[in-house]
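# Structural description and commentary
Residue strings, one per chain:
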Amino acid sequence: MGRQRDTGARRVVSLLSPLGVAGTVSSAAQPALMAATAPTARGDEFYGPVRTMGGRPALLPAPWPPMRNLDDARRLWDESERLIGR
């Protein structure tokens, strides 16, 4: 992004990602990929990482607080589909 050096937050994520503590770009996409492709996935389920900052994708018992508003969740899903050309 034009910076001469990484920011402090970027350095922390770079250190924690290989340890499995923080996610990576590809691991961040895994819950959505699982929700879209898993044969057992249904439209009323929430997938995310097993830990707040990363981890394997999993079916979670409830959405994170910002996603509990179903109108917001629908808008996010619709925008995601628009961005991938669906």
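Residues numbered from 1 in each chain as written. Predicted model: local features only at pLDDT ≥ 70, side-chain atom pairs only at ≥ 80, totals over all residues. Heavy atoms only, no water.

## Some thoughts on the confidence of the model for the chain
Residues at a pLDDT of 70 or more form 85% of the chain, whose mean pLDDT is 78. For the chain, per-element mean pLDDT is lowest for helix α1 (residues 8-16), which scores 75, and highest for helix α3 (residues 70-83), which scores 85. (pLDDT = per-residue confidence, 0-100. Helix = DSSP H or I, 4+ residues; strand = E, 2+ residues; numbered from the N terminus.)

## Considering the environment of L59
Its location among the elements puts L59 in strand β2 (residues 54-60). Placed 28 residues apart in sequence, L59 and P31 show a C-alpha to C-alpha distance of 8.3 Å. Setting aside residues up to four positions removed in sequence, L59 forms contacts with E45, F46 and Y47. (Contact = heavy atoms within 4.5 Å.)

## Section: the environment of P57
If you trace the backbone, P57 turns up in strand β2. Overall, P57 belongs to the buried group, its relative accessible area being 17%. Spatially, the C-alpha atoms of P57 and A32 are 8.5 Å apart, while their sequence positions differ by 25 residues. Residues within four places of P57 in sequence aside, it is in contact with Q30, P31, M34 and G48. (Buried < 20%, exposed > 50% of the residue type's maximum accessible area, 1.4 Å probe, protein only.)

## Focus on helix α2 (residues 25-37)
For α2, which comprises 13 residues, the first-to-last C-alpha distance of 19 Å matches the rise-based estimate of 18 Å (1.5 Å per residue) to within 8%. P31 marks where α2 bends most, by close to 30°. (Expected span 1.5 Å × (residues − 1). Bend = angle between axes of the 7 residues up to and from the residue.)

## Quick word on the pattern of salt bridges
Throughout the structure, instances matching the rule amount to three salt bridges. Taking the shortest distance from any N to any O, the salt bridge between R74 and D78 comes out at 3.2 Å. One end of the pair, R74, and the other, D78, are both in helix α3, four residues apart, so they sit about a helical turn from each other. Classification of R74 as partly exposed rests on a relative accessible area of 47%. Here R82 and E79 are joined by a salt bridge, their closest N and O atoms 2.6 Å apart. Residue R82 and its partner E79 are both found in helix α3; the two are separated by three residues, about one turn of the helix. The exposure class assigned to E79 is partly exposed, which follows from its relative accessible area of 34%. (Salt bridge = Lys/Arg side-chain N within 4 Å of Asp/Glu carboxyl O.)

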